[in-house]
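Here is what each chain is made of, one letter per residue.
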Amino acid sequence: GQSLEQPSEVTAVEGAIVQINCTYQTSGFYGLSWYQQHDGGAPTFLSYNALDGLEETGRFSSFLSRSDSYGYLLLQELQMKDSASYFCAVRRGGADGLTFGKGTHLIIQP
Amino acid sequence: GAVVSQHPSWVICKSGTSVKIECRSLDFQATTMFWYRQFPKQSLMLMATSNEGSKATYEQGVEKDKFLINHASLTLSTLTVTSAHPEDSSFYICSAQGGLADNTGELFFGEGSRLTVL
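Bear in mind the structure is a predicted one, so any value in this text is a computation, not a measurement.

## Structural notes on the state of the cysteines
Cysteine pairs can be covalently joined through their sulfur atoms, and such a bond is termed a disulfide.
Residue and element names in this part refer to chain B.
For step 1, the next point in the chain: Inspection of the entire model under this criterion finds two disulfides over all chains.
For step 2, the next point in the chain: The thiol of Cys13 is unpaired, and the distance to the nearest cysteine sulfur, on Cys94, comes to 19 Å.
For step 3, the next point in the chain: Judged by relative accessible area, Cys13 falls into the buried class, the value being 9%.

Rendered as structure tokens:
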């Protein structure tokens, strides 16, 4: 089976940096993905790591360590619109669906 | 990016009736589509994987006779909730991919369909 652990809630202030961690256990591994979901909306893709290291896309970065079964999402220069739920997710293989973590609710304070 | 569209966005039905949700890939051919369910304040749970022209593969614990999935073309998959009951009320979301050649890891999601069973 597969399981992912991430914090249920994180609070940060506008303009700050926040890191959301994710550890996983999986029988197969086809990369770690991160998705953002606002209340009532569909998930939107943020980033994907198949290999160890850091991937940067604008204000968002994602890191993966396969040996530690660990990754994180780093959000910089936080804006109020970043208030949302963030999910890490893994796939067993390229033809498989995503298994999502339980999500981290990010609260941004002014 | 690729566009996936779901219809309807909202549906309210009476207990015992059946509801069909459509998922379309608008600008690419989706060899594989995935159906998820999300209860309020919870994560997305994979229900089934459908490949065009073949039977869907259901995740453990998902009743295949209750959640009928059809993927008759490369651009359309449907989920039919049969004999719906209030506990089936949920947010149903589809996602699609164009094939194994895609190595970006991104799956494209529809807007979701919120089902309320009275």
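Still to come is the rest of the account.
## A closer look at the pairing of strand E11 (residues 104-109) of chain A
Residue and element names in this part refer to chain A.
For step 1, the next point in the chain: Every second residue of E11 is oriented toward a common face, the buried set being Thr104, Leu106 and Ile108 and the non-buried set His105, Ile107 and Gln109.
For step 2, the next point in the chain: Where strand E9 (residues 84-90) meets E11, three bridges bridge the pair, whose relative direction is antiparallel. Bridge pairing links Ser85 to His105 in E11.

## Let's talk about the nonpolar core
For step 1, the next point in the chain: Counting residues in each nonpolar core, the largest one holds 25 residues, and the members touching the most others are Val4(B), Trp35(B), Phe67(B), Leu79(B), Tyr92(B) and Leu115(B).
For step 2, the next point in the chain: Elements supplying a minimum of two residues to this core: strand E2 (10-13), strand E3 (19-25), strand E4 (32-38), strand E5 (44-51), strand E7 (67-73), strand E8 (76-81), strand E9 (90-97) and strand E11 (113-117) of chain B.
For step 3, the next point in the chain: Those residues in contact with Leu115(B) that sit more than four places away from it in its chain are Val11(B), Cys13(B), Val19(B), Val81(B), Asp88(B), Ser89(B), Ser90(B) and Tyr92(B).
For step 4, the next point in the chain: Judged by nonpolar contacts, the second largest core, of 21 residues, contains Ala12(A), Tyr24(A), Phe60(A) and Cys88(A).

## As for the packing of aromatic side chains
For step 1, the next point in the chain: Scanning the entire structure with this criterion turns up 13 aromatic pairs over all chains.
For step 2, the next point in the chain: When the centroid spacing of 6.0 Å and the interplanar angle of 90° are considered together, the rings of Phe87(A) and Phe100(A) count as edge-to-face. Highlighted residues: Phe87(A) in strand E9 and Phe100(A) in strand E10 (residues 99-100), separated in sequence by 13 residues.
For step 3, the next point in the chain: Put simply, the rings of Tyr35(A), Phe45(A), Phe87(A), Phe100(A), Tyr36(B) and Phe109(B) touch in pairs and so form one group of aromatic residues.
For step 4, the next point in the chain: For Arg114(B), the ring lying beneath its charged end belongs to Trp10(B), and the centroid distance is 5.7 Å.
For step 5, the next point in the chain: Over the ring of Phe91(B) we find Arg114(B), and its NZ or CZ is 4.3 Å from the ring centre.

## Structural notes on the sheet that holds strand E8 (residues 70-75) of chain A
Residues and elements named next belong to chain A.
For step 1, the next point in the chain: The antiparallel open sheet is built from five strands, whose spatial order is E1-E3-E8-E7-E6. Edge positions in the sheet fall to strand E1 (3-5) and strand E6 (53-57), since each of these pairs with one other strand and no more. Averaged over all pairs of adjacent strands, the angle between their axes in this sheet comes to 20°, without regard to strand direction.
For step 2, the next point in the chain: Direction of pairing for E6 relative to strand E7 (residues 60-65): antiparallel, over a ladder of five bridges. Bridge pairing in E7 links Leu54 to Phe63.

## Some words on the pattern of salt bridges
For step 1, the next point in the chain: One pass over the structure, following the stated rule, counts five salt bridges over all chains.
For step 2, the next point in the chain: The residue Arg92(A) makes a salt bridge to Asp96(A) at a minimum N-O spacing of 3.8 Å.
For step 3, the next point in the chain: For Asp96(A), a relative accessible area of 23% translates into the label partly exposed.
For step 4, the next point in the chain: When the shortest N-O distance is used, the salt bridge between Lys66(B) and Asp88(B) registers 2.9 Å. Of this pair, Lys66(B) sits in the loop between strand E6 (57-58) and E7 while Asp88(B) sits in the loop between E8 and E9, placing them 22 residues apart in sequence. Accessibility assignment for this pair places Lys66(B) and Asp88(B) in one class, buried.

So, how was this worked out
- Residues numbered from 1 in each chain as written.
- Chains lettered and ligands numbered in written order.
- Predicted model: local features only at pLDDT ≥ 70, side-chain atom pairs only at ≥ 80, totals over all residues.
- Heavy atoms only, no water.
- Disulfide = S-S within 2.5 Å.
- Buried < 20%, exposed > 50% of the residue type's maximum accessible area, 1.4 Å probe, protein only.
- Helix = DSSP H or I, 4+ residues; strand = E, 2+ residues; numbered from the N terminus.
- Pairing = 2+ DSSP bridges.
- Core = buried A, V, L, I, M, F, W, Y, C linked by side-chain atoms within 4.5 Å.
- Contact = heavy atoms within 4.5 Å.
- Phe/Tyr/Trp six-rings, centres within 6.5 Å; stacked < 30°, edge-to-face > 60°.
- Lys NZ or Arg CZ within 6 Å of the ring centre and 35° of its normal.
- Axes fitted to C-alpha atoms, helices over the stretch in contact; angles between N-to-C directions.
- Salt bridge = Lys/Arg side-chain N within 4 Å of Asp/Glu carboxyl O.

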